[in-house]
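Listed below are the residues making up each chain.
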Amino acid sequence: MASLKGLAKDTAIYGLSSIAGKSINYLLVPIHTYAFASASGQYSIVTRLYAATAILILLLTFGMETTMFRFLNKEGEDREKTYSTIITFVGTLALTFAVLVVMFRQSVADFLGYPDTPLYVMAIFLAVAFDAFQSIPLAFLRQQKRPLKFMMVYVGKIAFIVLLNFIYFIALPKLHLNPPGLYGEGFLPDIGYVFYINLAGSIASTFFLWREISAARLSIDKPTFFRLLSYSWPLVLLGVAGQINKSADKLLYPWLDTTPDSAVNLSIYGGVVKVAAIMTMITQAFRYAYEPIVFGKSRDKDSKEYLALSMKFYLIFMLLAFLSVIAFMDILRYIVAPDYWEGLYIVPITMATEIIFGVYFNLSMWYKLIDQTRWGAWFSLTACVIYLAINVIFVPMFGYVACACAGLVAYSVAMLLSYFVGQRKNPVDYPLRDMGFYVGLTLVLFAGMALSNRYLPVWAALSANVVMLGAFVSCLLRRDIPLASLPVVGRKFRK
């Protein structure tokens, strides 16, 4: 199917940008965790404030990324008015938020529990305003099928941020260079520079999107705006509820874990979940390519077949990524400093949660395509209530492992609700038997890898895990991706 190949191509390009970006971004984790020991609890500040930014960006974009894809591919809509209305609306929200943050920075810092560091809060929230505004021209690049420029802006911003972090937290202290005001006594770094550098990167990347920004008129067409709003507001509830399922635990943790080690535990939790970021990377890459293509194909006869096949191959490659992380855990653990390793046992849980979230995202297309986005709001709100309840009840007893399990349970409920309601409202014949086979195979191989990681020497465990990973790939090639079907390589097998 040509469109499925297009999805694979675009996902590969977005995946390359996401992989490159996340690979570079991975460097921030050792930079920060080695600079700030878990016992200091300082990394908990980064964990909490970045959790807040994820929710704020969703509020400031107001679901307009997905809304734009829907309306730019909808018959009878004026594309120029749609884009201009969206970018003006989001820009106004971002600017208003930025002004309020500057005016009330001390009050916000007091509320978050950091009364002595209002500049940290102001810096990261101003970066949020820039990032929210940038999301619209970046989405426009995706809609216009321009993944290469998207990759340049996305990767360039992250590379710039990582470079500045490396200079501040590693290079200058090693060289004993102390420009005025940068370091305290003994070259002790200020964690606030994590946020100042992020703001600098967000401002700089905006200039590279100037052509896409200037392509819009700064105006809001009222009839267009209200049509957009009626579609997007349930997406806001959906997105915020979904992000709460990822971020609220980190925001609430200091109030739920009342032990003396609360800040230390949150630092460890915030550090080790970064090891599982490869799952987020794949989901994000798939989403960047998936939404524009699906909305563009919504009127085609084979659109449901496309949804079914996309779901199957998405799940397969997420499971492969899951097994790859488990297979090389003895190497990947060095992403964080050794004093964070005690929390690595939750990594499989957080990766499984990301897989279920990705399936839920795929299932969400049924209500987006028939303009019944309110269903997504109900599913996500249900998951949100479950998630918060599990955190409030169990974190005081079990600590951050309860945070990890809460996301797994909440997204599982949302996924099942979306599937069963979707099969009544807009049924799609998903290949459940094939998907179930790969899930079962993954569980068996995961158990084998977990045992080898625990009981075998590192070299033996890695060898055994590579064999098991090869078994999964071999099965995939035999069942669903025969070598003869692959470009270049397949020529040899077709002879």
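Residues numbered from 1 in each chain as written. Predicted model: local features only at pLDDT ≥ 70, side-chain atom pairs only at ≥ 80, totals over all residues. Heavy atoms only, no water.

A. Representation of the overall build of the protein. For the protein, the count of helices and strands is 22 helices and zero strands. Relative to its 495 residues, the protein shows a buried fraction of 56%. When contacts within the protein are restricted to residue pairs at least 6 apart in sequence, long-range pairs at least 24 apart make up 83% of them. As presented, the protein carries roughly 22200 Å² of accessible surface, and 69% of it is formed by carbon and sulfur atoms. (Helix = DSSP H or I, 4+ residues; strand = E, 2+ residues; numbered from the N terminus. Buried < 20%, exposed > 50% of the residue type's maximum accessible area, 1.4 Å probe, protein only. Contact = heavy atoms within 4.5 Å. Areas by Shrake-Rupley, 256 points an atom, 1.4 Å probe, with all protein chains shown as cover.)

B. Spotlight on a nonpolar patch on the surface. Together, Leu95, Val99, Leu100, Met103 and Phe104 make up an exposed nonpolar region whose accessible area comes to about 510 Å². Here phenylalanine 104 is to be found in the loop between α5 (79–103) and α6 (105–112). (Patch = residues over 30% accessible without salt bridge, like charges linked within 9 Å, V, L, I, M, F, W, Y side chains within 5 Å. Salt bridge = Lys/Arg side-chain N within 4 Å of Asp/Glu carboxyl O.)

C. Representation of the environment of alanine 94. You can see alanine 94 is positioned in helix α5. Note: C-alpha distance between alanine 94 and alanine 132 (38 residues apart in sequence) is 6.7 Å. When residues no more than four places from it in sequence are discounted, the contact partners of alanine 94 are Ala129 and Phe133.

D. Representation of the pattern of salt bridges. With the rule as written, the count across this model stands at four salt bridges. Here aspartate 434 and lysine 312 are joined by a salt bridge, their closest N and O atoms 3.2 Å apart. Of this pair, aspartate 434 sits in helix α20 (residues 432–455) while lysine 312 sits in helix α14 (residues 303–327), and the two are 122 residues apart along the sequence. When salt bridges with common partners are traced through the structure, they connect Lys312, Asp434 and Arg479 into a single cluster.

E. Region of interest: the nonpolar core. Core analysis: the largest hydrophobic core is formed by 154 residues, its most contacted members being Phe125, Phe195 and Phe472. Per element, the largest residue contribution to this core is 17 residues, and it comes from helix α7 (residues 118–143). What phenylalanine 195 contacts, discounting residues up to four positions off in sequence, is Ile45, Val46, Leu49, Tyr50, Tyr120, Ala123 and Ile124. (Core = buried A, V, L, I, M, F, W, Y, C linked by side-chain atoms within 4.5 Å.)

F. Spatial organisation of helix α12 (residues 262–272). Of all eleven residues making up α12, ten are buried, and the element is well covered by its neighbours. Every buried residue of α12 is accounted for by Ser262, Val264, Asn265, Leu266, Ser267, Ile268, Tyr269, Gly270, Gly271 and Val272.

G. Highlighting the confidence of the model for the protein. On average, residues of the protein score 79 in pLDDT, and 82% of them reach the 70 mark or higher. For the protein, the element scoring lowest by mean pLDDT is helix α22 (residues 489–494), at 46; α20 scores highest, at 93. Throughout residues 1–8 the model reports pLDDT below 50, and contacts reaching past four residues in sequence, or to other chains, amount to 17 contacts. (pLDDT = per-residue confidence, 0-100.)

H. Region of interest: the packing of α6 against α7. The N-to-C vectors of α6 and α7 enclose an angle of 105°; their axes lie 8 Å apart at closest approach. Classed by the angle they form, the pair α6 and α7 counts as roughly perpendicular. Between α6 and α7, the contacting residues are Arg105, Gln106, Val108, Ala109 and Leu112 on the first element and Pro118, Val121, Met122 and Phe125 on the second. Of the residues assigned to the contact of α6 with α7, the class counts are seven nonpolar, one polar and one charged. (Axes fitted to C-alpha atoms, helices over the stretch in contact; angles between N-to-C directions. Parallel < 35°, antiparallel > 145°, perpendicular 65-115°, else oblique. Nonpolar A, V, L, I, M, F, W, Y, C, P; charged D, E, K, R; others polar.)

I. Examining helix α16 (residues 347–363) more closely. Compared with the 24 Å implied by 1.5 Å per residue over 17 residues, the 25 Å span of α16 between its first and last C-alpha is a close match. Of all 17 residues in α16, 16 are buried; the element is thus mostly enclosed. (Expected span 1.5 Å × (residues − 1).)

J. Structural detail: the packing of α12 against helix α19 (residues 400–425). Interaxial distance between α12 and α19 falls to 10 Å at its minimum, and their mutual angle equals 40°. Here α12 is positioned oblique relative to α19, judged by the angle of their axes. Residue-level inspection shows Asn265, Ile268 and Tyr269 of α12 in contact with α19, the latter providing Tyr400, Cys403 and Ala404. A class-by-class count of the residues in the contact of α12 with α19 yields five nonpolar, one polar and no charged.

K. Up close: the environment of asparagine 178. Looking at the secondary structure, you find asparagine 178 in the loop between α8 (147–175) and α9 (192–207). For the pair asparagine 178 and tyrosine 168, spaced ten residues apart in sequence, the C-alpha separation works out to 9.7 Å.

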